[in-house]
Structure formats: structure tokens, C-alpha cells
Amino acid sequence: MKKHCLSLVLAVLLIPATIWAGGKSEQSEDARQSITVYAYDSFVSEWGPGPLVVPAFEKKTGIAVNLVSAGNGGELLSRLVLERNRPQADVVIGISDELLSETVASDLLLPYESAALSQIPAFLHFDPTYALLPFNYGNYAFVYDSAKVTEVPRSLDDLLDPRWSKSIILMDPRTSSVGMGLLEWTVAAYGDAWLEWWKKVKPNVLTIADGWSSGYGLFTEGEAPLVISYTTSPVYHVLYEDSDRYRAVVFDAGNMAVIEGAGILRSSRNIDAAKQFIDFLLTEAQADIAVANIMYPVNQTVELPAAFDFAPKPQVSLMLESERIAKNRDTWLTEWVEVMSK
Amino acid sequence: MGGGHEQVRQGKGSGTYGILDMSRFYHALSTPAVVLLTFLFLIPLSIILSKAFVGIDRGFSFERLASLVTDAYTWRILRFTLVQALVSTVVSVALGLPGAYVLASYRFPGKRIIKAICTIPFVLPSILVVLGFVIFYGNNGIVNNLLRMISGSEEPPLRILYTFGAVILAHAFYNFPIALGLISSFWEQLPSRYGQAAMTMGAKRFTVFRTVTLPRLVPAILSASTLIFLFCFSSFAIILVLGGGPRFTTLEVEIYRRARMTMDVEGAAALSLLSIAVTLLLVALHLWAQRAMAHQEEMESPGQRRLERRPESLLARIVLPLYALATALFVLGPLFGIIYRSVQVPVSRSGDSEFSLRWYRQLFGLEEVAGSAFSVAGSAIILSLIIAAVTACLSLLFATMLAARLRTRSGSKELTMELFAMLPMAVSSVVVGLGYYLVSNIFPGSRSLRTALVVLAHVVIASPFVLRSILPEFRKIPFSYTQASLTLGATVSQTFRKVELPLLRSAMATGAAFSFAISMGEINATLVLSDSNLVTIPIVMYRLIGSYNFAGACALGTVLIAVCAVVFAITESIHRSRYV
């Protein structure tokens, strides 16, 4: 019986090995002609920008791109730090402004002032050292179900109204970047008194999800009429479900912004190819990235599909200085837990 | 330490091939499993965990651990983590026990299907379980909408979710199949003559159960409880979402916060070390209890295997279907929720929807979607099936080899090894993920190598399961069988293959099914180790959800459910037919 089992195992192991042996030859191409790009998983995925952007770049420049899914959010930076002694990547895509301080402090990235930056408005130049260059951005926003909400909240204060009792789905800032975004939003809006907003909003919160995925899923299941997400979220429903039922609201006092950055690793042996890739990312790839990520492009010359009309742009994009975030993040989280877990 | 060995050798070593040969044989058998665990798991993990001792000034220090242990918040969340895991375990076992009894003692139509269906919750990623629960039990869910139609009220009549109860309910949904599977396969092999004897002497059925059967089930119950407890100990997505937020926080949430949100790998390592210490202490207690309480059990030989009865008494005829119905509603409800959502397409703004197979057509590439290559489901299914099948075979092989070594439970060395084999379940997946970065960094490149790594990682994750389902059964094999075989001239390896292995079939089938399911649903290790070159079903599901397509994810979830149901049903029928 064991013999059978063993030969079965061997056979099954060999099948995939022979099928994919072909993939190996790509690796042996001239090193000068290929770069490795680390990105977050949804960038790489079938529905992400990767499958559109990479072939277009390869066709234009002849440089092969090895696109690697290297984790989400903070994982990307953790991984680069862990790999410091055996670096694999030439370019990293998807470290947000949230982690700017830590990224600059790690000294892993090479500053690069791309010519394309001139087409990007000044408020998006979030890294004055240009180790990270902005490639797309979004604004956090409360998204509402227009089938249930008639009187739309216009400010963070409006959300404290008792009529929203158990009507808002939020995310935990300890496990979700969107959750952290809202925490920072309240700091930007109320300064030292930010925790007061959280104390008062508690009765209106239905649940605080572990991540955007489960939180937004609860929202579209109709568990609550309000959820924290992005101003661009309605675009998906218009594009793929032909529905304008879910809408984002921009607040008069502004919405918190999140800017995603890309950078070149100092350790790269293909700095020139990496620079070309960054330039491409900031220019020709912009429309594809915006549509696939459902975020705003940073490059102002880009034309977007009409569905983006359902992504209202706030008058004010709120941001916090990255040093302040890095210095206080842990304290904020501890204070937040203290208030919210009672 | 060697005392145990010595005793066994002197007391029972009388065959042509001595016990020395035997212990050498079993030592050799366990080597591959130990090597795999060491290189793919223990070494990367130790490197990550060692960061817990990096002080603020980058030198060696205990300050991180000390500050954790002195923080009241740590103790508060540790207490909650333990309480929810304990309650979830008790509820899961309590729910599974009657089912295990039914499966072990009665013969009725549809039994195989029931067993297969009960393993399904296990393959679902937690996000889909959350969605399934919300679709079924939610304020706007199927149950509440039905009740609203009946009662005519606007408010949701049943508010189950976002409470501690909902957490326990979801954990039980996830975990009671473990209790059901492990206990029933052990129970099936339990000799019925003691119970019959007790009944002949006038004992009531329940008294027989309490005083004769239950004590004999202890090894299986403990095995199942350990697994369930460890699962719930590291749960967090379900707890946060369905519990309603940070009121219910487990250690895992705080580990996640440090590893992923605040870039504090050292802090994550320290907290993880604390959690490993606690879980290993508890597992060690369990193993010790198991040793102290379990008696060497005689095994029903296949020939005398008790005839499964048909339900005859009135009580059985009423209670059995009621239990079956309740369990079916409980398990099938959320699964039905997922399936229901997958065939719905919104048609109007107010939320009306109609039946459609649109998401399936898109998944299988029959309908082109603007700007995306949707036809990935086919290849993902094939890849997932291959990986899961190889994982099931390999983990079965490894765990059986380990079990052969551990069955004697003679010395503290064996106890250490048993603990060591349970380690993959006791460590936070976030921390294991960090360890895999290191592994992945050492092996850049080819797709086939990555596939092998993913498979091996799945084997590491699944092995504790298979081990826990085989070990109690292995320990029941009377030593006299082995001795007899050796005396009659069989070699040690022949004895292992021809005498011992056939007696373990039932437990091996259960273990393999779980291992298959774990591999089908695994996502963390796959994401890290494959660098996205390998696309399995859970990865596609995760990506669909990440790009707003929840209905598409439910469609793929339905495919996953269907594939697993078919595979389990096939395995179950093979495993049955061998007896008859």
C-alpha cells in the first residue's frame, strides 16, 4: 500500500514539474534586460493593473518585468527590510504615504526625480526626498446606500447623530489600512480631541471589521447603510454592476487622502531600466492603473471613463505629516483600543 | 529518560526481531517528517522569534518580553483569547458528540453525504464564512427576511450577529466537523462488548455511555479538543467582525498590528513567543492528561466489527432526525447563503435581484468582461486539486511515520517530539508568514520549485491534524498483535505494512480528508511562497473580493464547496467499500 502511495505521490509531483519546467527558461535571460518588481497582491492579480501595464511596458522598452506579489500594505516594507542582505527587487510598488517615515528611515530606496513629476500636482508630492514617487491616490469617504439613506451626512459630526444608531460599519485600525486612515482622519480633523469623536460614535457603529473586504462585504449585504471606504468605490458598481445605488459623500471640511508610492531599490543592478519603469508608471500606465485599482490617477493629463464621474473629488485632501504618524501611531492605537474596547 | 525504553525492551522484547530493531525502524521512519518540520518550519520560525530578544539598543535583552508580561492589557486579551477558545471548544465538541455517536452506531441512508458535507466548512476561507453567516443570519439576511415576511415588522426580528454568541456560533460551525470526524472514526472501532456486558447486567443506556463508553472516547475527545482549541486561539477575523469590534480582541490581532501595521517585527515576535508558550503549555497538559487517562485500548478486529444498527427505538427515531435537521440547518444555512448569493444579479437600485449564472460564466471565461482576463477559475481549480491531493498523500505519509514513532509514548523525548509536531498549529500564521519570506528569499525562481515549496508548507500545516487523527488509533493497537507478527517471522517493516497500517485505515481516511481540506483552503503560506506565480482557488477568491466582486467570490466559493463535496464523497465511498 505504501509503495502505491509513494509512486502516486511521485507521479503527481512530476506532472506539475514537467508542465511548468518551461517557466524556468525565462529566468536565464540577460540580466540587464530584466527587472523584478514587488507589488501588492491586487496589483498583480488578474483584475489588477499588472496584466495590462507589464506587457505594454515590455513591448515598448524590450525590458522583461518579473512581477512579484509581495504582500499587502506594511508587508511590502517588512519584506524589503527582512531581505536587506539578499535583495531581490529592483522596484517596489504600493508603499503608501502612511509609511513614508519608516521607508525613508530604512534607507533602502534610491531618490529619483522623474521628469513625469511635472505633470503631477504639488499636493501629491508626498515625499520631499523622492525615494517614493506617487503613482495613484484616493480619498477615504463614507459610502452610503441610497436605497436607505435620504438625508446624507455632510461631516464627521453628522455621523454622531443618534439616527445612525447601529448604522455604520468601520474597520479596525490595528488590522486594516482603511481603519487606520479613518483614525488619522479624525486626528487631522479634531487634533488632540480626536478620541471624543470615537467615544461618541460608538453607539452608531454596527461592527468594526478586521479589514476592508469583510467590512465592505457586510455593507453590500445590506447590514448597515454606511461604511468607510473610498470616494472611488461607487465607480465599481457603475462599471461592473451598472448600478449607482452606492454613493460616496465628500465632506465640506475635506476627506483624508491616501497616496500610494513606488520606488527604486538602491541595491538594484538595473537602475536605468528601473527608472524607465517608474517613468512609464507615472505616464502611459496611469489610465490602466486608475481603472483597474479604482483609484485616482496622479497624472493630470489622463482621461478617465465616464464612470469616474461617480467618484466625487473632495475640495480639500487632508493629510498628516509622516513624522507625526510614525511618532504617534502606536500611542494612538493604544488609546483607541482603550476607548473602543470598553 | 531512557528508562521507558529500557522497560519496554526487557518486558516485552521476545520476538525474532527484537524491540531494538523495531525502535530503529520507527526512528528511521520518522526522519523525513522531522527534517521537513525542521527546515521549512522550525529554522525560519526561530530566526523570526529570536528578534523578540533584540533590545531597543539592538543588543540582546529581555526588555520586550518583560514589558509585555507586566502590561495589564496583555493579560486582558490573553484572558479573553483563552475564554473564547475554551467556550468554542466545549460547544464544538458538545455539538459533534451526538453526531459522532450517530455516525458510529447507526446505519442509515445518506450517511456518507452527511459526513462529506460536515467537512466542508473547513475548506472555506474565514472571509467567506463571515459572508455566509451574514447572508444567512444577518440583519438583512435570509432568516431575518423570512421572519419579516411572516411577522410583518420592519426591524430585524432576530439579532444574532455582532455578539459574543455569534463568535461562538461561527467557531462551532467551523470546528465541530473536527469533533465529529475524529470522534466518530475512533468510536467506530471501539469494541461494543463492554457496553453489551454492562447492559446485560442491567445498566441503563445512558449509564453505559457515561461509565463505559465516554471514558474510552477520552483520547479522541482530547485530540479533537486540542485541535479546535488551537484553531480558535489564533482566530481573529471572525471574532472582530461577528463579535462587533475591539471589545473582543485576541492575541492574534495584536500580533497582526505589530507585524503588519506598525512595522514592529520584534514586538510581534515577542508577543508570538508568549502565545506559543501558553499554547504549548496547554497542549503539553493535554498530552499529559491523555497519557494519564487513556488506557491501552483493545481494538475491534475488522471481522468482529460491530454491526451498525438501524435506528429502532422510538426515541432514536424522533431524536435522530431532529438532531440531523438542526445540524443540517446550522451547517447548510451559511453554505446555502454563499450559494444563494452566487446566483443573484442585482436588477434594480432598491436591491431586487434575479437568478443568473453570470458570475459562473465570467469565472470560466464564457463571458468576456471589459478589461480583464476572467477565465482563471479552471486553471486555479486544477492547481488547487493537484496541490491538495499531493498534500493529503504526503502529510498522511509523514504523519503516519511520526505516529509510528510516537505511539510508544515512552520517554520525555517522545513527548517533546509530539509537542514539536503540534507546533505548526500553535504559531500565529502572521509570524509563520514572516518566516516564509526568509524561505522564499533563499529559493528564488522557478515555478516548479515554488509549487513544491507550497506543497511542503501545506504538509507542515496539515500534519498536526493527520497526526492527531491517527495517533489515538495507533495507540489502541495492542502490542500483542505486533509481537505475534514478529514471532511468526515477519520483519518489522512487514508488520508495519501488513498488520498495523490496515488497522488505521479509518483514522487515515479522516486525516487525509482534513489535510485535503486544509490545503484547498490555505492562503497565507501560498501567497507568500508562490510570489503569485501560482494561482489557487482561495487566492482567486481573495483577489475577487479585493476588487469588489463579492458575488464572484461566492460563485468560486460554491465551486470550492462542490469540488470538495465530490472529493469527500468519493474518498468516503472508497473507505467504506474496503470494509464490506
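It should be emphasised that the depicted structure is a prediction, and the values quoted were computed from it without experimental measurement. (Residues numbered from 1 in each chain as written. Chains lettered and ligands numbered in written order. Predicted model: local features only at pLDDT ≥ 70, side-chain atom pairs only at ≥ 80, totals over all residues.)

Undergrad: Describe the overall build of chain B, naming the residues involved and giving the relevant values.
TA: On a plain count of helices and strands, chain B comes out with 25 helices and 2 strands. Taken across its 580 residues, chain B has 49% of its residues classed as buried. For chain B, contacts bridging at least 24 residues in sequence account for 80% of all contacts bridging at least 6. (Helix = DSSP H or I, 4+ residues; strand = E, 2+ residues; numbered from the N terminus. Buried ≥ 20, exposed ≤ 12 C-beta atoms within 10 Å, placed from the backbone. Contact = placed C-beta atoms within 7 Å.)

Undergrad: Tell me about the interface of chain B and chain A, and name the residues and values.
TA: The partner chain A presents 65 residues to the 61 residues of chain B that form the contact. Elements with a minimum of two residues in the side of chain B that touches chain A: α6 (126-137), α11 (237-243), α12 (251-261), α16 (377-406), α18 (429-442), α19 (447-476), α21 (492-503) and α24 (537-546) of chain B. Of the residues that constitute the side of chain B that touches chain A, the class distribution is 34 nonpolar, 19 polar and 8 charged. (Nonpolar A, V, L, I, M, F, W, Y, C, P; charged D, E, K, R; others polar.)

Undergrad: Give a detailed account of the environment of B:Ile382, specifying residues and quantitative values.
TA: Residue and element names in this part refer to chain B. Relative to the assigned elements, isoleucine 382 resides in helix α16. Residue isoleucine 382 is classed as partly exposed on the basis of its C-beta count, with 13 C-beta atoms lying within 10 Å. C-alpha of isoleucine 382 to C-alpha of threonine 536: the two residues are 154 residues apart in sequence and 8.4 Å apart in space.

Undergrad: Please provide a residue-by-residue account of the packing of α16(B) against α19(B), values included.
TA: Residue and element names in this part refer to chain B. Where α16 contacts α19, the axes come no closer than 7 Å and their chain directions differ by 45°. Overall, the two elements α16 and α19 adopt an arrangement that is oblique. Crossing of α16 against α19: the hand is right-handed. Counted together, Ile387, Val390, Thr391, Leu394, Ser395, Leu396, Phe398, Ala399, Thr400, Leu402, Ala403 and Leu406 of α16 and Val454, Val455, His458, Val459, Ala462, Ser463, Val466, Leu467, Ile470, Leu471 and Phe474 of α19 form the full contact between these two elements. Classifying every residue of the contact of α16 with α19 gives 18 nonpolar, 5 polar and no charged. (Axes fitted to C-alpha atoms, helices over the stretch in contact; angles between N-to-C directions. Parallel < 35°, antiparallel > 145°, perpendicular 65-115°, else oblique. Left-handed = near helix turned anticlockwise from the far one by under 90°.)

Undergrad: Break down the nonpolar core for me, with residues and values.
TA: Considering soluble globular proteins, one finds that nonpolar side chains tend to be buried as a cluster. Core analysis: the largest hydrophobic core is formed by 282 residues, its most contacted members being A:Val37, B:Ala179, B:Ile183 and B:Leu556. The biggest single contributor to this core is α16(B), with 20 residues. Formed jointly, this core draws a minimum of three residues from each of two domains, domain 1 (32-137 + 259-309) and domain 2 (138-257 + 316-340) of chain A. Ignoring any residue separated from it by four or fewer positions in sequence, one finds B:Ile183 in contact with B:Gly96, B:Leu97, B:Ala100, B:Leu217, B:Ala220, B:Ile221 and B:Ala224. (Core = buried A, V, L, I, M, F, W, Y, C linked by C-beta atoms within 7 Å. Domains from an automatic or database assignment.)

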